[in-house]
Amino acid sequence: MLTRRQMMVALGAATLPLPLSAASVPVTLTPGTAFTRIGSRDIAMLGFNGTCPGPEIRLRQNEILRARVENGLEDGTLVHWHGIRLPNAMDGVNVLTQDVIIPNEGYEYRFPVPDAGTYWYHSHYLSYERVARGLFGPLIVEEPAPPDVDQDITAILFDIRLDDTGQFDMEFDRADFITAGRLGDLMATFLSSEQARLGDRIRLRLINPTPDRIFEIRIDGLTGFCVAYDGMPLPELVSLGNLKLAPAQSIDIIADVTGDVILRETVPSGGEELGRIVLNGQRQIRSAPIAPLPANPVPAPGEITQTADLFMQGGAGGGAHGGFGGWAFNDVSG
Ligand SMILES: [Cu+2]
């Protein structure tokens, strides 16, 4: 049997399904069982439309997203659109904004997308479990005039905890939730393209949908900048050094390809490969400089009129705090 650490090395190429265009016609998303292939392993997961991760939904800024969710699971579900501004009723959060969609029933989400950027969608019912099992996919909103690049590549960083048979571990142990989180053994990068030419300018959209893992990475073979965090353009270019993606975060990069593009974990392994885009040709490098993305029409925060002191407590050995247990603010859990 492989140890946890050996399993983390046993990763391989993983590919994303083709995107769905969501403007004007509703896309159909059917949550259900799905296999994901990582290297030579097929792992039974959950997914949308039979794939894990689910299909990329792609549309233009200010278009209307219409998505019909047909529940193919044997349990309730719903879809939350992570990080995008939308009418609250469309937010897809169990109890707060809608009831779960019961098995074999459907629900249509419909809302305009006011901001261009890299977002994602996922189950917001039992999300600590359902997202870990694969109920998520990328949601890409393009600028009306996207930056001039040769390829626009989505890269999903994910981890899966495996059981002794090499399949998804269905144990959800409380001990994980009061320590470092439920980290997976097998890490993978799902890429929408695994080839580029030397000299290509690419836009790389990194998304971390894991419930618990903070990915600390660097990317070899790229010269360029971070241009957006969490779907929001940065006012100034940020140089491409070591990157940190906490659960649910996204980073957009625009960069020129100077070699095989290799995503490497920097912490804790110090350089393990998480994914790779290989060279398949060459083009002349562009002379036009990389520029910041246009700002989204996000209102500026108002004047601060209230402050609150929040004291975070808990973790292993920290006591129960009542309520949900392990973690608390100001001694109140939940
Ligand atoms: Cu979310």
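Residues numbered from 1 in each chain as written. Predicted model: local features only at pLDDT ≥ 70, side-chain atom pairs only at ≥ 80, totals over all residues. Heavy atoms only, no water.

Engineer: What exactly am I supposed to notice about the coordination of the copper ion here?
Structural biologist: Six octahedral donors around a metal ideally make angles of 90 or 180 degrees; four tetrahedral donors ideally make 109.5 degrees. The protein atoms that coordinate the copper ion are His82 (ND1) and His122 (NE2), at distances of 1.9 to 2.0 Å. On the criterion of sequence distance, the pair formed by His82 in strand S8 (residues 79–82) and His122 in strand S10 (residues 117–123) is long-range, its members being 40 residues apart. Residue classification places His82 among the partly exposed positions, given a relative accessible area of 24%. Here His122 falls in the buried class, since its relative accessible area comes to 6%. (Donors = N, O, S within 2.8 Å, 3.2 Å for Na, K, Ca; no water. Helix = DSSP H or I, 4+ residues; strand = E, 2+ residues; numbered from the N terminus. Buried < 20%, exposed > 50% of the residue type's maximum accessible area, 1.4 Å probe, protein only.)

Engineer: Is there a simple way to think about the confidence of the model for the protein in this case?
Structural biologist: Any residue range with low pLDDT should be treated as having predicted coordinates unsuitable for detailed reading. Summing up the model confidence of the protein, the mean pLDDT is 91 and the portion of residues at 70 or higher is 95%. Here residues 1–12 is a poorly scored stretch, pLDDT under 50, and it has 29 contacts once near neighbours within four places are set aside; other chains count. (pLDDT = per-residue confidence, 0-100. Contact = heavy atoms within 4.5 Å.)

Engineer: Is there a simple way to explain the packing of aromatic side chains in this structure?
Structural biologist: Evaluated as defined, the whole model comprises ten aromatic pairs. With a centroid separation of 5.8 Å and 85 degrees between ring planes, the pair formed by Tyr128 and Phe172 is classed as edge-to-face. You can see Tyr128 sitting in helix H2 (residues 127–130) and its partner Phe172 sitting in the loop between strand S12 (151–160) and helix H3 (174–177), a full 44 residues away along the chain. Consider the rings of Phe168 and Phe172, whose centres lie 6.3 Å apart with planes at 35 degrees: the pair is tilted. Of the residues examined, Phe168 reaches a relative accessible area of 7% and is grouped as buried. For Phe172, a relative accessible area of 22% corresponds to the partly exposed category. Feature note: the residues Phe48, Trp81, Tyr107, Tyr109, Phe111 and Tyr121 constitute an aromatic cluster, connected by ring pairs. (Phe/Tyr/Trp six-rings, centres within 6.5 Å; stacked < 30°, edge-to-face > 60°.)

Engineer: What should I look at first to understand the pattern of salt bridges in this one?
Structural biologist: Where charged atoms from two side chains of opposite charge come close, those side chains can pair. For the structure on display, the rule yields 27 salt bridges. Residue Arg58 pairs with Glu56 through a salt bridge whose shortest N-O separation is 2.8 Å. A residue is classified by how much of its surface remains accessible, and Arg58, at 14% relative accessible area, is buried. Judged by relative accessible area, which is 4%, Glu56 ranks as buried. (Salt bridge = Lys/Arg side-chain N within 4 Å of Asp/Glu carboxyl O.)

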